Amino acid sequence: MFQGMSLVWMALSAVIAYFCGGVNGAILISKCFFKEDVRTKGSGNAGLTNFCRNYGVKYAPLVILTDVVKMVLAVVIACLFLGWSVEAKLWGGLCCVLGHMFPALYKFKGGKGILSSGTLLILLDWRVALVSWGIFILLVLLTRYVSLGSVVCSAAAPVTTFLCYPGHWFAIVLVAIIAGMVIWAHRSNIVRLVKGTE
């Protein structure tokens, strides 16, 4: 697992990664360019999909860039503290996703974690990322439901991680926790998908 790891370094990297995650691109860009909070619009979610539905795609690259950079920073910082391992990447990533979904600076009301989690998978392993991103893109193209693609690709991530890293149980558990958080964040979407009202 981790080598030379201490609880102090774990805690410090967790706090930094959490606050990195709290820098929400959709909220920042909506406030900077539209003088509004994206959470007061549409679905009320502070994510890329809701941002684009309400403000168009012109500023979407800035939202994407913000959420990608914060995950990269969180992972790099965790690895600097804990060593360049799969587990360290996922530890930083988990804490960043927590910060994104439950940001202290925004009354714990953030996004659903898809873009952040997708970035983490790319940083983790191209094979895991390829499967999850492939499933996401395919389902969105076929069904036009971003939520369906998000849920299914999240569910696939722990399975792919297990296949790529057999025996790395801590890493598999961390991916499963992240996937569970993302799926939980989409619980209302799942209900609407089942009812056919999404």
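Just so it is clear, the structure is predicted and the values come from calculations on it, not from any experiment.

## Quick notes on empty space enclosed by the protein
- Counted by the stated rule, this structure contains two cavities of 30 Å³ or more.
- Here the largest cavity defines a volume of roughly 180 Å³.
- As for the largest cavity, its lining consists of 16 residues, of which Ser-117, Gly-118, Leu-121, Ser-154 and Ala-157 are closest to the centre.
- Those elements that place two or more of their residues in the lining of the largest cavity are helix 6 (114-124), helix 7 (126-143), helix 8 (146-164) and helix 9 (169-185).
- Ranked by residues supplied to the lining of the largest cavity, first place goes to helix 6 with five residues.
- Of the residues belonging to the lining of the largest cavity, the class tally is 12 nonpolar, four polar and no charged.

## So, the state of the cysteines
- Following the criterion strictly, the structure yields zero disulfides and no others.
- Free cysteine: Cys-79, not disulfide-bonded; nearest cysteine sulfur from Cys-95 at 12 Å.
- Looking at Cys-79, the relative accessible area reads 1%, which means it is buried.
- Cys-20 provides the cysteine sulfur closest to Cys-96, a residue in no disulfide bond, and the two sulfurs are 6.3 Å apart.
- For Cys-96, a relative accessible area of 0% translates into the label buried.

## Re unusual backbone geometry
- Residues other than glycine seldom take positive phi values, yet Phe-108 does so here, at roughly 60°.
- Locating Phe-108 in the fold gives a position in the loop between helix 5 (86-101) and helix 6.
- When its relative accessible area of 52% is taken as the criterion, Phe-108 is described as exposed.
- The backbone of Arg-144 shows a phi angle near 70°, a positive value even though the residue is not glycine.
- Checked against the element boundaries, Arg-144 lands in the loop between helix 7 and helix 8.

## Looking at the pattern of salt bridges
- This model, assessed by the stated rule, comprises four salt bridges.
- With a shortest N-O distance of 2.6 Å, Asp-37 and Arg-39 are connected by a salt bridge. Pair check on accessibility: Asp-37 and Arg-39 agree, each one buried.

## Side note on the packing of aromatic side chains
- Tallied over the full model, the rule gives 10 aromatic pairs.
- Aromatic side chains Phe-34 and Tyr-55 sit 4.3 Å apart centroid to centroid with 20° between the ring planes, which places their arrangement in the stacked category. Within this pair, whereas Phe-34 is found in helix 2 (residues 25-34), its partner Tyr-55 is found in helix 3 (residues 48-55), the two being separated by 21 residues in sequence.
- Residue Phe-34 is classed as partly exposed on the basis of its relative accessible area, which comes to 27%.
- Aromatic side chains Phe-34 and Tyr-59 sit 5.5 Å apart centroid to centroid with 90° between the ring planes, which places their arrangement in the edge-to-face category. With Phe-34 in helix 2 and Tyr-59 in the loop between helix 3 and helix 4 (60-82), this residue pair connects regions lying 25 residues apart in the sequence.
- Among the aromatic side chains, those forming a connected cluster through ring pairs are Phe-33, Phe-34, Phe-51, Tyr-55 and Tyr-59.
- Directly above the ring of Trp-184 sits Arg-187, whose terminal nitrogen or CZ lies 3.8 Å from the centroid.

## Examining the nonpolar core
- Membership of the largest hydrophobic core comes to 32 residues, with the highest contact counts inside it found for Leu-90 and Trp-91.
- Setting aside its immediate chain neighbours within four residues, Leu-90 contacts Leu-120, Leu-124, Ala-171, Leu-174, Val-175 and Ile-178.
- Among the nonpolar cores identified, the runner-up in size contains nine residues, and Ile-27, Ile-29, Phe-51 and Tyr-55 belong to it.

What counts and how
- Residues numbered from 1 in each chain as written.
- Predicted model: local features only at pLDDT ≥ 70, side-chain atom pairs only at ≥ 80, totals over all residues.
- Heavy atoms only, no water.
- 1 Å grid on protein atoms, 1.4 Å probe; cavity = no way out; pocket = protein on both sides within 12 Å on 5 of 7 lines; lining within 4 Å.
- Points joined across faces, edges and corners; volume = space filled by probe spheres on them.
- Helix = DSSP H or I, 4+ residues; strand = E, 2+ residues; numbered from the N terminus.
- Nonpolar A, V, L, I, M, F, W, Y, C, P; charged D, E, K, R; others polar.
- Disulfide = S-S within 2.5 Å.
- Buried < 20%, exposed > 50% of the residue type's maximum accessible area, 1.4 Å probe, protein only.
- Salt bridge = Lys/Arg side-chain N within 4 Å of Asp/Glu carboxyl O.
- Phe/Tyr/Trp six-rings, centres within 6.5 Å; stacked < 30°, edge-to-face > 60°.
- Lys NZ or Arg CZ within 6 Å of the ring centre and 35° of its normal.
- Core = buried A, V, L, I, M, F, W, Y, C linked by side-chain atoms within 4.5 Å.
- Contact = heavy atoms within 4.5 Å.

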